[in-house]
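Now for the letters of each chain:
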Amino acid sequence: MIGGLGTRIGAVLSDVSSTEGRLAATAAIALATLGVGWLLLPRAVRAGEQTVTDWVGRLLDERLSESTEGAVETLREGIPASFLLRLAVGLLQLALFALAGVAVLTLWGRFALVVAVLPLVENAARVGGQVIASALLLGGAYVVSDVVETYVGELSADSDRITAHQEQLLTRLAQVGLLVLALITVLGIWGVNLGGLLVGAGFLGIVLGMAARQTLGSLIAGFVLMFARPFEIGDWVAIGDEEGFVTDITIMNTHMRNFDGEYVVVPNDLVANQAITNRSREGRLRIHMEVGIGYDDDPDEASEIAEDVLENIGVIANNPQPYAIPSGFGDSAILLDLRFWIDPPTPQARWRSKALAVERIQERFADAGISIPYPQRTVSYPPEKAAADDTVERVEQTDENGDGRSRDRPA
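- The chain appears in an unreviewed UniProt entry as Mechanosensitive ion channel family protein from Halorubrum ezzemoulense.
- Its UniProt record gives the chain a comment under Subcellular location (unreviewed entry), which states: "Cell membrane".
- Quoted verbatim from the Sequence similarities (unreviewed entry) field of the UniProt record, the comment on the chain reads "Belongs to the MscS (TC 1.A.23) family."

Some details on a nonpolar patch on the surface
Here comes step 1: Together, Leu34, Val36, Trp38, Leu39, Leu40 and Phe97 make up a nonpolar patch on the protein surface, roughly 580 Å² of accessible area in all.
Here comes step 2: In this fold, Trp38 is placed in helix α2 (residues 19-63).
Here comes step 3: Given a relative accessible area of 52%, Trp38 falls into the exposed group.

Let's talk about a negative patch on the surface
Here comes step 1: Judged by side-chain charge, Asp241, Glu242, Asp260 and Glu262 come together as a negatively charged surface patch.
Here comes step 2: Here Asp241 lies in the loop between β1 (236-239) and β2 (242-249).

Things to note about the pairing of strand β8 (residues 334-342)
On any regular strand, side chains alternate: one points to one face of the sheet, the next to the other face.
Here comes step 1: Among the 9 residues in β8, 7 count as buried, and that is most of the element.
Here comes step 2: Examined bridge by bridge, strand β6 (residues 285-293) and β8 share 9 bridges and lie antiparallel to one another. Note that in β8 the partner of Ile293 across the bridge is Ile334.
Here comes step 3: Turn length for the strand β7 (residues 323-329)-β8 hairpin, with the two strands adjacent in sequence and antiparallel, is 4 residues.

Quick notes on the sheet that holds strand β5 (residues 276-278)
Here comes step 1: Strand order in this open sheet of 5 strands is β4-β3-β2-β1-β5, and the pairing throughout is antiparallel. On the outer flanks of this sheet lie β4 (263-267) and β5, each paired with one strand and no other. Ignoring which end each strand starts from, the neighbouring axes of this sheet average 40° apart.
Here comes step 2: Pairing geometry for β1 and β2, over 4 bridges, is antiparallel. Across the sheet, residue Ala238 finds its bridge partner in β2, namely Glu243.

Things to note about the environment of Asn312
Here comes step 1: Along the chain, the position of Asn312 falls in the loop between α10 (299-311) and β7.
Here comes step 2: Side-chain polar atoms of Asn312 contact the backbone oxygen of Asp308, separated by 2.6 Å.

Describing the pattern of salt bridges
Here comes step 1: In this structure the tally under the stated criterion is 4 salt bridges.
Here comes step 2: The shortest N-O distance in the salt bridge between Glu243 and Arg350 comes to 3.7 Å. Separated by 107 residues along the polypeptide, Glu243 in strand β2 and Arg350 in helix α11 (residues 347-367) bring together distant segments of the chain.
Here comes step 3: Residue Arg364 pairs with Asp308 through a salt bridge whose shortest N-O separation is 3.0 Å. In this pair, Arg364 sits in helix α11 while Asp308 sits in helix α10, placing the two residues 56 residues apart along the sequence.
Here comes step 4: Three or more residues joined by partner-sharing salt bridges are found here, namely Glu243, Arg279 and Arg350.

Points about the side chain of Arg350
Here comes step 1: For Arg350, a relative accessible area of 16% translates into the label buried.
Here comes step 2: Excluding its chain neighbours within four sequence positions, the residues that come into contact with Arg350 are Trp236, Glu243, Phe259, Arg279, Ile287 and Ile342.

Observations regarding α10
Count 3.6 residues to each turn of an α-helix, and residues three or four apart come out pointing the same way.
Here comes step 1: The end-to-end C-alpha separation of α10 is 18 Å, in line with the 18 Å expected for 13 residues at 1.5 Å each.
Here comes step 2: Buried residues of α10: Ala302, Ser303, Ile305, Ala306, Val309 and Leu310, and no others. One side of α10 holds all its buried residues, which, seen down the axis, span an arc of 165°. Among the exposed residues of α10, those oriented more than 90 degrees off its buried face are Asp300 and Glu304.
Here comes step 3: In this structure, the buried residues of α10 make contact with β6, β7, β8 and α11.
Here comes step 4: Put simply, Asp298 is the residue that caps the front of α10, since its side-chain oxygen is 3.2 Å from the backbone nitrogen of Asp300.

Thresholds, definitions, all that
- All residue numbers refer to position in the chain's written sequence, counted from 1.
- Totals for whole chains, interfaces and linings use every residue, but because this is a predicted model, local features are given only for residues with pLDDT of at least 70 and side-chain atom pairs only at 80 or more, for both listing and counting.
- Just so you know, side-chain values use all the structure's heavy atoms and leave hydrogens and water out.
- UniProt positions are given in the numbering used here, feature names are shortened, and annotations may be inferred rather than shown by experiment.
- A residue counts toward a patch only above 30% relative accessible area and without a salt bridge, and it is joined to like-charged neighbours within 9 Å or, for Val, Leu, Ile, Met, Phe, Trp and Tyr, to nonpolar neighbours within 5 Å.
- Surface exposure here means Shrake-Rupley accessible area, sampled with a 1.4 Å probe, where a residue is shielded only by the protein chains that are shown.
- Each reported salt bridge corresponds to a side-chain nitrogen of Lys or Arg within 4 Å of a carboxyl oxygen of Asp or Glu.
- Numbering of helices and strands runs from the N terminus, with a helix taken as a DSSP run of H or I at least four residues long and a strand as a DSSP run of E at least two residues long.
- Residue burial is assigned from relative accessible area. The probe radius is 1.4 Å, only protein chains are included, and a residue is buried under 20% of its type maximum, exposed over 50%, and partly exposed in between.
- Counting rule applied: Lys, Arg positive; Asp, Glu negative; His and chain ends not counted.
- A charged residue contributes its charge at one atom only: NZ of Lys, CZ of Arg, CG of Asp or CD of Glu.
- Here a strand pair is declared whenever DSSP counts at least two bridges between the two strands.
- Axes here refer to lines fitted to C-alpha atoms; in helices the fit is confined to the stretch in contact. Angles between the N-to-C directions go from 0 to 180 degrees.
- Residues adjacent in sequence count toward polar contacts only when both atoms are side-chain atoms; beyond that, a polar contact is any pair of N or O atoms within 3.5 Å, and within protein one must be able to donate a hydrogen and the other to accept it.
- We call two residues contacting when some pair of their heavy atoms lies within 4.5 Å.
- Expected helix span is computed as 1.5 Å times (number of residues minus one).
- Working definition: the arc comes from the directions between the helix axis and the C-beta atoms, pointing outward to the latter.

Have a look at this one:
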């Protein structure tokens with residue numbers, strides 16, 4: 001292509017034979033190149049910039065729905081218009097100066113130098129094209145990642161089923177996927193053998209997977225927890241032996257604050273392999289208590305008193321109403337099962353409701369003459385064994401006295 005262009009330029013300038021004429025033509029080419037490249041070209045590009053921007057904006061507004069208006073604004077803000085303008089002007093100026101250089105060399109009969117440099121120019125053009133394509137791909141991936149983040153944020157705001165953690169997770173997965181796709185495409189542009197690279201990455205993944213089984217287990221469990229949502233930030237949960245409030249959920253760990261003010265970090269693989277009790281999920285919590293009354297007391301009367309006490313405690317919910325029922329026979333008492341609800345469920349409400357229930361039920365039972373017996377144990381013997389033991393005691397006493405008279409000795 002450059003050879004044919006040089007031939008045409010040589011034919012046009014073939015009548016310029018004198019040195020003065022060549023100098024004049026060289027000066028004219030230089031001035032024309034500078035005038036067009038430094039004065040006219042930037043102004044022309046700037047003049048067309050606003051027209052192209054408005055046209056693209058109208059096209060996006062017509063093609064995209066109203067739900068993606070935020071994504072369109074992010075796309076407009078993310079595109080570096082000034083950088084693209086300078087890049088376009090620079091490329092056009094470079095092409096103009098290259099053409100002027102070929103014209104000058106042809107004018108002075110040095111077109112063979114152009115032919116000699118042609119392979120280097122072709123290599124430089126190919127490398128430059130690869131660089132530009134790579135930059136455009138990576139820049140496009142960056143801009144699209146911002147658009148995806150905005151779109152996922154709007155989708156999360158319109159839906160109650162997507163939490164903040166799931167929104168962050170979806171955004172990061174989409175951004176990582178776009179970046180990986182862009183990198184693979186860039187490697188293909190530069191002629192990298194993707195097959196060998198993927199085989200090597202596969203072996204490396206196997207080695208890393210064997211060396212970091214627990215870490216990968218926590219990572220996978222973190223994704224499962226974020227999508228399954230057994231608990232959220234702020235929930236009152238019990239995970240194994242740990243109980244407290246969830247303060248943060250990351251890919252690797254679950255962070256909690258227990259009731260002693262301690263900061264607890266539980267790996268997600270342990271969380272996924274243990275029973276999880278979420279006391280905040282249903283919005284209310286039922287509390288069980290037991291109280292014993294004497295066997296001589298009336299269970300129905302005691303149940304009515306206990307229910308009346310529970311209904312008048314402010315931290316206990318009245319819907320459903322609390323109730324007390326006889327639940328069994330204890331060693332020293334008839335057991336009453338007290339059941340009531342707290343709404344909303346908090347550790348403070350649980351502790352306070354129990355404390356007030358114990359205090360007031362004890363007072364009302366005492367006023368009503370209902371006893372709350374403590375554990376008692378009575379030791380007795382069968383009549384035959386008691387008589388035999390008494391005979392042994394009398395014989396032992398006779399032997400001790402030595403006079404043949406028996407004397408009773410208290411056992």
